[in-house]
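Coordinate analysis (summary)
One-letter residues, chain by chain:
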Amino acid sequence: MNDLAHPTVRESRPAELRGLRERVLLASLLRKDVALNGPAWLPLALVLGAISAVAYADHLVVSISLIYLYILPLAVGAIFLRKKVSYGLIVVCVLFHDYYSPRVINPGLRIFHNLSAMLCFAFVVYVIQRYMEQREALAKTVQQQRDDLLKDVELAAQVQRLFLPLGRPAIAGLEIAGMMQPARGVGGDYYDYIPIDAHTIQVVIADVAGKGVPAALLMSATAAALRLEANHDRNMLKQVERLNTGILSVSDEERYVTLLIAEIDTRRRVIQYVNCGHNSALLFRAKTGALRRMDSSCPPIGLSPDEICELASADLTGGDVLVFYTDGVTEAENRLGEEFGLERLSMVVRDGSSLSAEGLTVNIFNSAADFCGDVGFHDDVTIVVVKCHLDSAPGVTA
């Protein structure tokens, strides 16, 4: 088998090398940006075909000189071909005219006619070449600036990821998982779980109005402030009040933050929360199969200097599931403009309530992604799932 295959390989290699040499030769005649985009033979065929057509017409017409028509293929050549090749075509066009034109005129006048045409062609090619060089320099500058911007955005995304939790908190009786998928390189969503003690944890989810770098910067400020507040005071109403004052001082009227802070106490089996204009979190009751919405009780952070909030609470039992999310999930649209919506999300939570926290998180994201199809998400997507295993947790009492 190897002996039979070798001759074929030996015969195909020269053909491949010839084809490669031809492509390299053709590309060497073209500008770099032209050689990289599309077939190399097409610009050459266009220029040579135009020269042939003009030469044929110049040969047929006896009454007048058609040398000025060579400006068209020379202009096209100046756009697509390298500088030396473009100027070389000027000589080719003048020689074609001098050889194929059947008009009989005085030799001195013919020389003057050809030289003046050559100077005119050279001026046209020079102007177009200068324009193309400036265009290439501008494109190169724009590309360099774009690359620098992408590096800056990637660096900002790395810094932003530092504010997200790296691991899962070890709180007996709770299973927690979370994820954040930005619509762009950086996003305005944020989530965190901050352990208070061995049996208490704060779960935070926030969404900054807007997208991109401005939203990410405000998100970073919000995340840093929340971390400081969690270590400073456990009073969630005071936390929200101070956070509102801080965000209001650094943002404008168009930038605000929707926020939900929930404190889960496994010993008392209770969750207390403050919802500042954020999407209603879902509390799935395992025993009854009912879904409770943890609605907002105050306006978003950073809209008004007066943040009047209410502290809400709910009892927890073994098997209950808490789902926190941002509007990137419920407002995800398909090709028909339909939103994924809260009803579909509730159905996914009910059907996947027996899954692990991580499994349900992935299931929610995949369900929304499948609903969008190739349209994709237009907003940041953040999901946090908390499963309560209170009956099996050591040291947990009702």
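Our subject is the structure that appears above.
The residue numbers shown here count from 1 along each chain, following its written sequence. Where totals are concerned, whole chains, interfaces and linings use all residues; where local detail is concerned, this predicted model gives features only for residues with pLDDT of at least 70, and gives and counts side-chain atom pairs only at 80 or more. Neither water nor hydrogens contribute to the side-chain values; these are computed over all heavy atoms in the structure.

Moving on, we come to the overall build of the protein. Across its full length, the protein carries 11 helices and 10 strands. Contacts: residue pairs with any heavy atoms within 4.5 Å of one another. Of the contacts formed within the protein by residues at least 6 apart in sequence, a portion of 71% connects residues at least 24 apart. Using a 1.4 Å probe, the Shrake-Rupley method yields the accessible areas, and only the shown protein chains count as cover for residues. When the accessible surface of the protein is totalled, it reaches about 21,500 Å², and 59% of it is carbon and sulfur. Only DSSP runs of H or I with at least four residues qualify as helices, and only runs of E with at least two residues qualify as strands; both kinds are numbered from the N terminus onward.

Here, a strand pair is defined by DSSP locating no fewer than two bridges between the strands. An order of E1-E10-E9-E6-E7 is seen for the 5 strands of this open sheet, with the pairing classed as antiparallel. Strands at the two margins of the open sheet, each flanked by one partner only, are strand E1 (174-181) and strand E7 (291-294). Across the sheet, the mean angle separating the axes of adjacent strands is 15° when strand polarity is ignored. The pairing of strand E6 (residues 281-284) with strand E9 (residues 321-325) spans 3 bridges and is classified as antiparallel. Bridging across to E9, Phe284 finds its partner in Val321. Under this scheme, a helix contributes an axis fitted over its contacting stretch, all axes are lines through C-alpha atoms, and angles between N-to-C directions fall in the 0 to 180 degree range.

Moving on, we get to the environment of Thr330. Topologically, Thr330 is positioned in helix H9 (residues 327-330). Residue burial is assigned from relative accessible area. The probe radius is 1.4 Å, only protein chains are included, and a residue is buried under 20% of its type maximum, exposed over 50%, and partly exposed in between. Judged by its relative accessible area of 9%, Thr330 falls in the buried class. Spatially, the C-alpha atom of Thr330 lies 9.3 Å from that of Val381, the residues being 51 residues apart in sequence. Residues in contact with Thr330, not counting those within four places in the same chain, are Asn279, Tyr325, Glu339, Phe340, Gly341, Leu342 and Leu345.

Here the phi dihedral of Arg269 falls at roughly 55°; this positive angle occurs in a residue that is not glycine. Here Arg269 shows up in the loop between strand E4 (257-265) and strand E5 (270-276). When its relative accessible area of 17% is taken as the criterion, Arg269 is described as buried.

Turning to the state of the cysteines, a few remarks are in order. The term disulfide is used for any two cysteine sulfur atoms that are within 2.5 Å. Inspection of the entire model under this criterion finds 1 disulfide. Sulfur-sulfur distance for the disulfide between Cys298 and Cys309 comes to 2.5 Å. Torsion about the S-S bond of the Cys298 and Cys309 cystine: about 80°, corresponding to right-handed handedness. Taken together, the positions of Cys298 in the loop between E7 and strand E8 (312-315) and Cys309 in the loop between E7 and E8 put the pair 11 residues apart, joining distant regions of the chain. Cys298 sits in the buried class, given a relative accessible area of 7%. Under the relative-accessibility criterion, Cys309 is labelled buried at 17%. There is no disulfide at Cys276, and the cysteine sulfur nearest it, in Cys298, is 3.1 Å away. Residue Cys276 is classed as buried on the basis of its relative accessible area, which comes to 0%.

Grouped together as the largest cluster of nonpolar side chains are 48 residues, with contacts concentrated most on Leu259, Ile264, Ile271, Phe324 and Val386. Contact partners of Leu259, with chain neighbours within four places excluded, come to Val204, Ile205, Ala206, Leu226, Leu243, Val274, Asn275, Cys276, His278 and Ile301. Within this scheme, the nonpolar core is defined by two criteria: the residues are buried Ala, Val, Leu, Ile, Met, Phe, Trp, Tyr or Cys, and they are joined through side-chain atoms within 4.5 Å. Listed in part, the 24 residues of the second largest apolar core include Leu282, Phe340, Ala368 and Val381.

Attention now moves to the pairing of E7. For E6 and E7, the ladder comprises 4 bridges, and the chain directions are antiparallel. For Leu282, the partnering residue across the bridge sits in E7 and is Arg293. Here E6 folds back onto E7 in antiparallel fashion, the turn holding 6 residues, of which Gly289 has a positive phi close to 75°.

For any pair of aromatic rings, geometry is given as the distance between the ring centres together with the angle between the planes. Only Phe, Tyr and Trp rings are paired, with Trp represented by its six-membered ring, and only when their centres lie within 6.5 Å; those with planes under 30 degrees apart are stacked, over 60 edge-to-face, the remainder tilted. As enumerated under the stated definition, the model contains 3 aromatic pairs in all. Relative to Tyr193, the ring of Tyr191 has its centre 5.9 Å away and its plane inclined at 55°; by these criteria the two rings are tilted. Tyr193 shares its class with Tyr191; the two are buried.

Further remarks concern the environment of Tyr256. Within the secondary structure, Tyr256 sits in the loop between helix H8 (236-250) and E4. Apart from residues no more than four positions distant in its own chain, Tyr256 is found in contact with Asp207, Val208, Ala209, Leu218, Pro300, Ile301, Gly302 and Leu303.

The strand order across the open sheet built from 5 strands is E2-E3-E4-E5-E8, with neighbouring strands paired in antiparallel fashion. Lying at the two open borders of the sheet, with one neighbouring strand each, are strand E2 (189-197) and E8. Geometrically, the sheet is characterised by an average inter-axis angle of 15° between neighbouring strands, direction not taken into account. Bridge count between strand E3 (residues 200-208) and E4: 9 bridges; the pairing is antiparallel. The residue bridging Thr200 from the neighbouring strand is Asp265, located in E4.

Right, let's get into the packing of helix H3 (residues 41-60) against helix H4 (residues 71-80). Running from N to C, H3 and H4 point in directions that differ by 165°, and their axes come no closer than 9 Å. As judged from the angle between their axes, H3 and H4 are roughly antiparallel. Crossing hand, H3 versus H4: left-handed. Along its contact with H3, which presents Pro43, Leu46, Val47, Ala50, Ile51 and Val54, the element H4 presents Pro73, Val76, Gly77 and Phe80. Angles below 35 degrees are treated as roughly parallel, those above 145 as roughly antiparallel, those between 65 and 115 as roughly perpendicular, and all remaining angles as oblique. Two helices crossing with the near one rotated counterclockwise from the far one by less than a right angle form a left-handed crossing, whereas a clockwise rotation gives a right-handed crossing.

This part is about the packing of H3 against helix H5 (residues 83-100). Interaxial distance between H3 and H5 falls to 9 Å at its minimum, and their mutual angle equals 25°. Here H3 lies roughly parallel to H5, going by the angle between them. Judged by the sense of rotation from one axis to the other, the crossing of H3 with H5 is right-handed. Taken together, the residues of H5 that come into contact with H3 (itself represented by Val47, Ile51, Ala55, Asp58 and His59) are Leu89, Cys93, Phe96, His97 and Tyr100. The residue makeup of the contact of H3 with H5, split by class, is 7 nonpolar, 2 polar and 1 charged. Side-chain classes follow a simple rule in which Ala, Val, Leu, Ile, Met, Phe, Trp, Tyr, Cys and Pro form the nonpolar group, Asp, Glu, Lys and Arg form the charged group, and the remainder, Gly included, forms the polar group.

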